[in-house]
Structure formats: structure tokens, C-alpha cells
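Residues per chain, in single letters:
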Amino acid sequence: FRDRVRKILAPVVPPLIVALIQRHFRPTMARWVLFYPAVYISAWFGGAVSGIAATIGSGLIVWWAFMPPMQSWTGKDPANVFAAVIFTVMSVGISALQQRLRTLADERRLLAALVENSSDFIALADPAQKPVYLNPAGRAMVGLAHDAPIQTLDIADFYPPALREVARREIASATMRGLWQGETAFRH
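So, here is what we can say about the structure in this document. Bear in mind that the values here come from a model prediction, so they are computed numbers and not experimental data. Each chain carries its own residue numbering, running from 1 in the written order of its sequence. Given that this is a predicted model, residues contribute local features only at a pLDDT of at least 70 and side-chain atom pairs are listed and counted only at 80 or more, while totals for whole chains, interfaces and linings are drawn from all residues. Heavy atoms throughout the structure, all of them, feed into the side-chain values; hydrogens and water do not.

Digging into the nonpolar core
What we call a nonpolar core is a set of buried Ala, Val, Leu, Ile, Met, Phe, Trp, Tyr and Cys residues that are connected through their side-chain atoms within 4.5 Å. Burial classification: accessible surface area is computed with a 1.4 Å probe over protein chains only, and a residue below 20% of its type maximum counts as buried, one above 50% as exposed, and the rest as partly exposed. By size, the foremost hydrophobic cluster in this structure holds 14 residues, and its most contacted members are Trp32, Phe35, Val62, Phe66, Met67 and Phe87. For the purposes of this entry, the term helix denotes a DSSP run of H or I that reaches at least four residues, the term strand denotes a run of E that reaches at least two, and both are numbered from the N terminus. Secondary-structure elements contributing two or more residues to this core are helix 2 (13–25), helix 3 (35–46), helix 4 (48–66) and helix 5 (78–117). Beyond its immediate chain neighbours, meaning those up to four positions away, Phe35 contacts Pro15, Val18, Ala19, Gln22, Ser58, Ile61, Val62, Phe66 and Phe87. Counting eleven residues, the second-largest nonpolar core is a separate cluster that includes Ala148, Ile150, Ala167 and Ile171. We call two residues in contact when some of their heavy atoms are within 4.5 Å.

Thoughts on the packing of helix 2 against helix 4
Relative orientation of the contacting elements helix 2 and helix 4 amounts to 20 degrees, with a least axis distance of 10 Å. Considered as vectors, helix 2 and helix 4 are oriented roughly parallel to each other. As for the relative orientation of helix 2 and helix 4, their crossing is right-handed in sense. Contacts from Pro15, Leu16, Ala19, Gln22 and Arg23 of helix 2 reach helix 4 at Ala54, Ser58, Ile61 and Phe66. For this classification, the nonpolar set comprises Ala, Val, Leu, Ile, Met, Phe, Trp, Tyr, Cys and Pro, the charged set comprises Asp, Glu, Lys and Arg, and every other residue, Gly included, is treated as polar. Broken down by class, the residue content of the contact of helix 2 with helix 4 amounts to six nonpolar, two polar and one charged. Note on geometry: axes are C-alpha line fits, over the in-contact stretch for helices, and angles between N-to-C directions span 0 to 180 degrees. Any angle from 65 to 115 degrees is called roughly perpendicular, while one under 35 is roughly parallel, one over 145 is roughly antiparallel, and all others are oblique. Here a crossing is taken to be left-handed if its near helix is turned anticlockwise relative to the far helix by less than a right angle, and right-handed if that turn runs clockwise.

Observations regarding the packing of helix 2 against helix 3
For any two helices packed against each other, the geometry is given by the interaxial angle and the distance between the axes. Where helix 2 contacts helix 3, the axes come no closer than 8 Å and their chain directions differ by 165 degrees. Taken together, the axis directions place helix 2 and helix 3 in an arrangement best described as roughly antiparallel. The handedness of the crossing between helix 2 and helix 3 is right-handed. Every residue of helix 3 that contacts helix 2 at Pro14, Pro15, Val18, Ala19 and Gln22 is listed here: Phe35, Ala38, Ile41 and Ser42. In terms of residue class, the contact of helix 2 with helix 3 is built from seven nonpolar, two polar and no charged.

Structural notes on the pattern of salt bridges
Here a salt bridge means any side-chain nitrogen of Lys or Arg lying within 4 Å of a carboxyl oxygen belonging to Asp or Glu. In this structure the tally under the stated criterion is two salt bridges. Asp3 is the salt-bridge partner of Arg6, the closest N and O atoms lying 2.4 Å from each other. Taken together, the positions of Arg6 and Asp3, both in helix 1 (residues 2–9) and three residues apart, correspond to about one turn of that helix. For Asp3, a relative accessible area of 40% translates into the label partly exposed. For Asp106, the salt bridge identified is with Arg109, shortest N-O distance 2.3 Å. Placement of the pair is Asp106 and Arg109 together in helix 5, with a separation of three residues, close to one helical turn. Among the residues examined, Asp106 registers a relative accessible area of 40% and is labelled partly exposed.

Printed below as a string of C-alpha cells:
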């Protein structure tokens, strides 16, 4: 229900607020200036469809109420028509981009949840072989508490003492090429 209300209000509220501000201050040349952020906010809160709906609504408001001759659909100056076209292209482009960013953020959250809940050892390390991330299953495999700091460790610390030097050499040579993956035995 909340999501539906947000998607209904997102394309309507920002352009109407801007229209009230525009009406109060009566700008002359910068008719579109405040409507750009209104469309961006609509797209941010409601997605591409809300952004495009806000673009259409904003365009109609400016065309009718703020572009001379006022309260008329015809007889507009070609320079103003060009500004309307630019506004429309930019706003639709930003709405589509915002939708793509939203999709990427959703995919990233899904990937993070998969990594966090995986039963496999999943870790990231910097080029100096210092771990920067270790998932919960990986922490359990090497005997680390869930809140134990890992920045002071070395990748070789995850291996039994007898295998540390071999692991260090093998992983170091592979990571120089950018990636190491494989199966191995850890401390626990």
C-alpha cells in the first residue's frame, strides 16, 4: 500500500510544489529551472514511470501557465518550444537513468544477501593480501568471531601453520594477475 501511494504521489507532488513557487515568484526566463529537480525527485522516489509522468505534467504546467502567451496552448515563441524539447529529453533521460540505478542497487543488495548467507568461504583482499571482507561462513571456517577485526590479519593466517607459506606463494602469484579462486583447506 505504501509503495503504491508513493508511486502515485511521486509524479504529482514535486511539480505542483514547483508550480506554486513559480506562480508566487513569477520568473521570466528561467521557467524550467525548478522543474528539473521536481522531475528528478519524482524519478528518485517513484522510478522511471513517475519521472516521465512528472515530465509530462511539468511540461503542461509550464506550457500553459508560465510561457507567453499565458493560458494558451498555441502561439508560443520557437525559442520556448526548443527549451521545452530540451527539458523533455533531459528529464526522460534522467528518469531512465534513475531506473537503471535503482535496478543496479537492487541487484547489489541481492548479491550482498547471497554472499552473506552463503555456506562457502567468500573473502576479498587488497593487493598486499590483507583481507577487507570475510563473510560469516568464512569467519566460522577460520575460527573468527563475527565481530573480530580482520584488517590486522594476512590471508596466510587463515591456513594451518604448515600450509601458510605455500598458500602465500600460490595466492600471491595468482593475485598479481588479478584473481585467485580455488579449493583449499583452512585452519578449522
